[in-house]
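# Reading the structure
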Amino acid sequence: MRTEQPKTIYLKDYQAPEYLIDETHLTFELFEDHTLVHAQLVMRRNPERVAATGVALPPLVLDGQQLELLSVSLDDVALAPADYVLTDSHLTLQPKAERFVVDSSVRIHPESNTALEGLYKSGGMFCTQCEAEGFRKITYYLDRPDVMSKFTTTLSGEQLKYPVLLSNGNLIASGAEEGGRHWATWEDPFKKPAYLFALVAGDLWCVEDAFTTMSGREVTLRIYVEPENIDKCQHAMDSLKKAMKWDEEVYGREYDLDIFMIVAVNDFNMGAMENKGLNIFNSSCVLARAETATDAAHQRVEGVVAHEYFHNWSGNRVTCRDWFQLSLKEGFTVFRDAEFSADMNSRTVKRIEDVAFLRTNQFAEDAGPMAHPVRPDSFIEISNFYTLTVYEKGAEVLRMIHTLLGAETFRKGSDLYFERHDGQAVTCDDFVKAMEDASGLDLTQFKRWYIQAGTPRLAVSESYDAAAKTYSLTFRQSCPPTPGQKDKQPFVIPVELGLLDGQGRELPLRLQDEEAATGGNRVLSVTEAEQTFTFVDIAEKPLPSLLRGFSAPVRLSFPYDRDQLMFLMQHDTDGFNRWEAGQQLSVQVLQELIGQYQRGEALALDQRLVAALRTVLENEALDQAMVAEMLSLPSEAYLTEISEVADVDAIHAAREFARRQLASALFEPLWKRYQANREQSRQTTYVAEAGHFARRSLQNIALSYLMLSERPEVLAACLEQYDACDNMTERLTALAVLVNSPFAEERAKALAAFAEHFKDNPLVMDQWFSVQAASTQPGGLERVRALMEHPAFNLKNPNKVRALIGAFAGQNLVNFHNADGSGYRFLADIVITLNGFNPQIASRQLAPLTRWRKYDASRQTLMKAELERILASGELSSDVYEVVSKSLA
Ligand code: TRP
Ligand code: ZN
């Protein structure tokens, strides 16, 4: 056995595979202490490669890791060790003909697989996770997405322990074996890459439903869960049916198999996986009912169920040629699920949430050491590239194409893409080409969004000529350097805008060389480093409403003063920009407080923010979810992201000061709206629907402000809500508010009661851990350490790691960034431990330490020292090695 070092893979080195696998026949024999996998691969030379490499047959290099090879044969002739080369990552054979069959048998150990990649056990069940390169931990194979094969899978196991045996496609045969075992054979009629393979065996129950497709075919829908969760599947099932219908209506895409299955598992590295016909989900993204899941969790279930379902076309029927093209399926599918959620709930609120998330987290990634383009050009470990950039910025790129083409032309483009590439493994260029061909637009320059990393800055200035009645906007774009990319070319930046008059009405928009005005809202394409647009017939100096709906993922700046922002908050015809104006006003006010704190001055809140939020709060005609969004001050993480050097303590002090001031100045209207909404909540049973989400979101943010008053009537209300509500949204907010309050006795009582009541529900206990991990009360690290000893905590379970460690390092900034470095040391220790059994999770938990350049010199030193310590800690996975080494570079 030779050991191969982790090395950098480059997009420019891509070559089509030398061999193809037409058919894949798999047999799994599942036992408690090992599993036997037999694979029969019906192969042939790739005709495409003959021209390139000549007629001589190149060696066949199969991927395989952590496999114990028991036997291998070529066209039924058993091979001796001298006939092949075996390393810890490959099995190399020499084919003797253009067409041949490889048979191999391996032994693997799912029962001790803690990395949760390949075949593993979660609780008592077997399941798989093959994306991106997990299939090679199951059998020797060409584990790359451009090798697509027809799979037949037989699995066998103990009847009593594993009554349910599933794989992709249709069940074609099953039966009993001697010794209490049984078997099932599944056949997937669609060719697919190995990363979409899935297998499940367990003692599962399912809820079943049906969906009739637009062409009249009946599809069986099943959600499989552990028996105790059978009462938590209805919301996911409803979401699935809505998603199937939406994809037919909006994209003309119909489901293609006779059965669609979802399986919920408790141990899962990510949210969910779109395996063909057999999606495997983190239970947190399936299970939801009023008593145990919050509104946010219900919306996440709806979004993730839709996301994985949508992959059946954007990902499975048309897949990626190589992993550099990941955003081809992920960016597109996130865009699709975001539009679905916008259609199911409140469009503006969904956009606000997504933009706040993008600007806080993806912008930080794009400004950090792991910055990479939407289509990366190199990686060491592909698992590290399932990033906010590939997913969320990738979705923004799709949104911009949609904006530039318009909905109708975009649909022509997607139809063309699906038709042209059905059954193929393609590139981002192929996608853009379909959009170009459908629209007649040249998207050459636009494609820089795929190639250049970093968040562009877009500085806008105005000039008004009263005599000529012209109003000009000048746009200057620039993009900071990112690792490996110094100079950037200008992007195509779609800027949706309107110009408002003194009454807040949209002015008709006519550019200098245009015949007539075309409405009050339009999209300008900014394509140059500096570019001016001049509007004519503008009788008074307008106030611009820029980048409406966040039409491009850029850092926009325009010299608004606070009065103008207040005006936009009230009058902008674009709901998203009303919120955005409020955020900009808050940022200005908070930055002023941060400065006062740093200079040791007394803090004084600009009363205009109070006035603006009072107006919002008193406007009963506004969507309550919008009121809640507007009342939410920018998070500490966002304030960190937009700081040159983030002063953790000043940011926390300033924001808390502002919250307290707002709470006391606005006590009356907050109390009024809280009571009205809580009363309505008392009168209604829980419904997972936008209007109800809105009511509860306003109620809950009001409660969190009100508690800052520490008044006894608010404490009483909070305890009433905690005890008497019928749903987790109200209960968890009441608990969180208590946890962050000085009422130590009530807090302890509520935490204990909660844990006692929900101790057998791991997803609810995740919430319990998170609420405490995120509490900014002093002593955060000690609390987290103590919680790690709680019987419900388990470092091997990714949800628990995220709930406790992730929430602490990612949301509890004052405690994590304690100046003594204890938070950093703690996280580094955790990463070193996780690296030993789950590299993907280890590498993801590392992210907060990679942001060291954001902090003061002393924190920088401490953070870097911890990264150095991880690097020196011994045998690092390629996952952790890549992130640590790039962060220190
Ligand atoms: N393709 C999955 C999605 O829908 C992502 C995913 C699930 C994944 N599990 C994974 C990626 C494990 C890497 C490793 O977004
Ligand atoms: Zn996805």
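Residues numbered from 1 in each chain as written. Chains lettered and ligands numbered in written order. Predicted model: local features only at pLDDT ≥ 70, side-chain atom pairs only at ≥ 80, totals over all residues. Heavy atoms only, no water.

What follows concerns the overall build of the chain. A tally of regular secondary structure across the chain gives 29 helices and 31 strands. Taking 29 Å as the expected radius of gyration for a compact globule of 889 residues, we find that the chain reaches 28 Å, a close match to that expectation. In terms of principal-axis extent, the alpha carbons of the chain reach across some 85 × 70 × 60 Å. Once local pairs closer than 6 in sequence are excluded, the contacts in the chain between residues at least 24 apart make up 71%. As displayed, the chain has an accessible area near 33,600 Å², and 50% of this comes from carbon and sulfur atoms. (Helix = DSSP H or I, 4+ residues; strand = E, 2+ residues; numbered from the N terminus. Rg over C-alpha atoms; globule rule 2.2 N^0.38 Å. Contact = heavy atoms within 4.5 Å. Areas by Shrake-Rupley, 256 points an atom, 1.4 Å probe, with all protein chains shown as cover.)

On to the site of ligand 1, then. In the vicinity of ligand 1 there are 15 residues, among which Glu131, Ala272, Glu274, Glu308 and Tyr391 approach most closely. At 3.3 Å from an oxygen atom of ligand 1 is found a side-chain nitrogen or oxygen belonging to His307. Contacts to ligand 1 include His311, whose side-chain N or O atom sits 3.4 Å from an oxygen atom. Secondary-structure elements contributing two or more residues to the shell around ligand 1 are β20 (272-273), α3 (295-310) and α4 (326-344). Across the shell around ligand 1, the residue classes break down as 6 nonpolar, 4 polar and 5 charged. (Near = heavy atom within 4 Å. Polar contact = N/O pair within 3.5 Å; in protein donor to acceptor, adjacent residues only side chain to side chain. Nonpolar A, V, L, I, M, F, W, Y, C, P; charged D, E, K, R; others polar.)

Turning next to the UniProt feature "domain: Peptidase M1 membrane alanine aminopeptidase" (unreviewed entry) in the chain. UniProt's feature table lists "domain: Peptidase M1 membrane alanine aminopeptidase" (unreviewed entry) at residues 236-449, given in the numbering used throughout. Between the C-alpha atoms that bound residues 236-449 the distance is 34 Å, and the span itself is 55% helix and 9% strand. (UniProt positions renumbered as here; feature names shortened; annotations may be inferred.)

Right, let's get into the sheet that holds strand β21 (residues 278-282). Strand order in the open sheet made by the 5 strands is β17-β18-β19-β21-β20, with mixed pairing throughout. In this open sheet, the two edge strands, each paired with only one partner strand, are β17 (205-212) and β20. Looking at chain direction, β17 and strand β18 (residues 218-225) are connected through 8 bridges and run antiparallel. Counted as the bridge partner of Glu208 is Arg222 from β18. Against the sheet, helix α2 (residues 234-251) engages β17, β18 and β19 (259-265), with an angle of about 25° to β17. (Pairing = 2+ DSSP bridges. Axes fitted to C-alpha atoms, helices over the stretch in contact; angles between N-to-C directions.)

To continue, consider the side chain of Asp295. Structurally, Asp295 is set in helix α3. Since its relative accessible area comes to 6%, Asp295 is described here as buried. In this structure, Asp295 is in contact with Tyr686, His692, Phe693, Arg696 and Thr729, ignoring residues within four places of it in sequence. (Buried < 20%, exposed > 50% of the residue type's maximum accessible area, 1.4 Å probe, protein only.)

To continue, consider the packing of helix α20 (residues 744-758) against helix α21 (residues 762-773). Packed helices, taken two at a time, are described by their axes: the angle between them and the distance between them. Put simply, α20 and α21 touch, their axes get as near as 9 Å, and they point 160° apart. On the basis of their axis angle, the class for α20 and α21 is roughly antiparallel. In the crossing of α20 with α21, the sense of the turn from one axis to the other is left-handed. Facing Leu751, Phe754, Ala755 and Phe758 of α20, the residues of α21 in contact are Val764, Met765, Trp768 and Gln772. Residues that form the contact of α20 with α21 fall into these classes: 7 nonpolar, 1 polar and no charged. (Parallel < 35°, antiparallel > 145°, perpendicular 65-115°, else oblique. Left-handed = near helix turned anticlockwise from the far one by under 90°.)

Per the UniProt record, "domain: Peptidase M1 alanyl aminopeptidase Ig-like fold" (unreviewed entry) is found at residues 454-557. Strand forms 41% of residues 454-557 and helix 0%; the C-alpha atoms that close the span are 17 Å apart.

With that settled, consider the coordination of the zinc ion (ligand 2). Taken together, His307 (NE2), His311 (NE2), Glu330 (OE) and Glu330 (OE) make up the protein donors of the zinc ion (ligand 2), found 1.9 to 2.7 Å from the metal. The coordination sphere of the zinc ion (ligand 2) comprises 6 donor atoms, whose angles at the metal cover 49 to 161°; the geometry is irregular. For the zinc ion (ligand 2), the single-chain donor residues occur in sequence as H-x3-H-x18-E. With His307 in helix α3 and Glu330 in helix α4, this residue pair connects regions lying 23 residues apart in the sequence. Residue class for His307 comes out buried when judged on its relative accessible area of 7%. (Donors = N, O, S within 2.8 Å, 3.2 Å for Na, K, Ca; no water. Tetrahedral: all angles 85-135°; square planar, octahedral: opposite > 155°, others 65-115°.)

So, about α2. Note: α-helices contain 3.6 residues per turn, so residues at a spacing of three or four share the same orientation. With 18 residues, α2 extends 25 Å between its outermost C-alpha atoms, agreeing within 8% with the 26 Å of an ideal straight helix rising 1.5 Å per residue. Residues His235, Ala236, Met237, Ser239, Leu240, Ala243, Met244, Trp246, Asp247, Glu248 and Tyr251 constitute the buried set of α2. The inward-facing, buried residues of α2 contact β17, β18, β19, α3, α4 and α7 (407-421). Just beyond α2, the residue with positive phi is Gly252, at close to 70°. (Expected span 1.5 Å × (residues − 1).)

Attention now moves to the pattern of salt bridges. Throughout the structure, instances matching the rule amount to 72 salt bridges. Glu339 is paired through a salt bridge with Arg347; the nearest N and O atoms lie 3.1 Å apart. Between Arg420 and Asp437 there is a salt bridge, with its nearest N and O atoms 2.7 Å apart. Separated by 17 residues along the polypeptide, Arg420 in helix α7 and Asp437 in helix α8 (residues 428-439) bring together distant segments of the chain. Assessed through its relative accessible area of 36%, Asp437 is described here as partly exposed. (Salt bridge = Lys/Arg side-chain N within 4 Å of Asp/Glu carboxyl O.)

Here Glu131 and Ala132 are connected by a cis peptide whose omega angle stands at -5°. Mapped onto the elements, Ala132 comes out in the loop between β11 (125-129) and β12 (150-158). In this structure, Gln66 takes a positive phi of about 55° despite not being glycine. With respect to the helices and strands, Gln66 occurs in the loop between β4 (60-63) and β5 (68-74). One non-glycine residue, Leu547, adopts positive backbone phi at about 55°. Looking at where Leu547 falls in the secondary structure, it is placed in the loop between β30 (543-545) and β31 (555-557). For Leu547, a relative accessible area of 4% corresponds to the buried category.

Here we come to the sheet that holds β4. Taken in spatial order, the 3 strands line up as β4-β8-β7 in an open sheet, and their pairing is antiparallel. Strands with a single pairing partner mark the edges of an open sheet, and in this sheet they are β4 and β7 (85-86). The pairing of β4 with strand β8 (residues 90-93) spans 4 bridges and is classified as antiparallel. In the sheet register, Leu60 faces β8, and the bridge partner there is Leu93.

Next up on the list: the packing of α2 against α7. Direction vectors running N to C along α2 and α7 enclose 105°, while the axes themselves pass 10 Å from each other. The pairing of α2 with α7 is recorded here as roughly perpendicular in orientation. Packed against α2, whose contacting residues are Glu249, Val250 and Tyr251, the element α7 presents Phe410, Arg411, Ser414, Asp415 and Phe418 at the interface. Tallied by class, residues from the contact of α2 with α7 come to 4 nonpolar, 1 polar and 3 charged.

With respect to the helices, strands and loops of the structure, Leu204 is situated in the loop between β16 (199-202) and β17. Non-local contacts of Leu204, meaning those with residues more than four positions away in its chain, are made with Met125, Val164, Tyr224, Val225, Glu226 and Val263.

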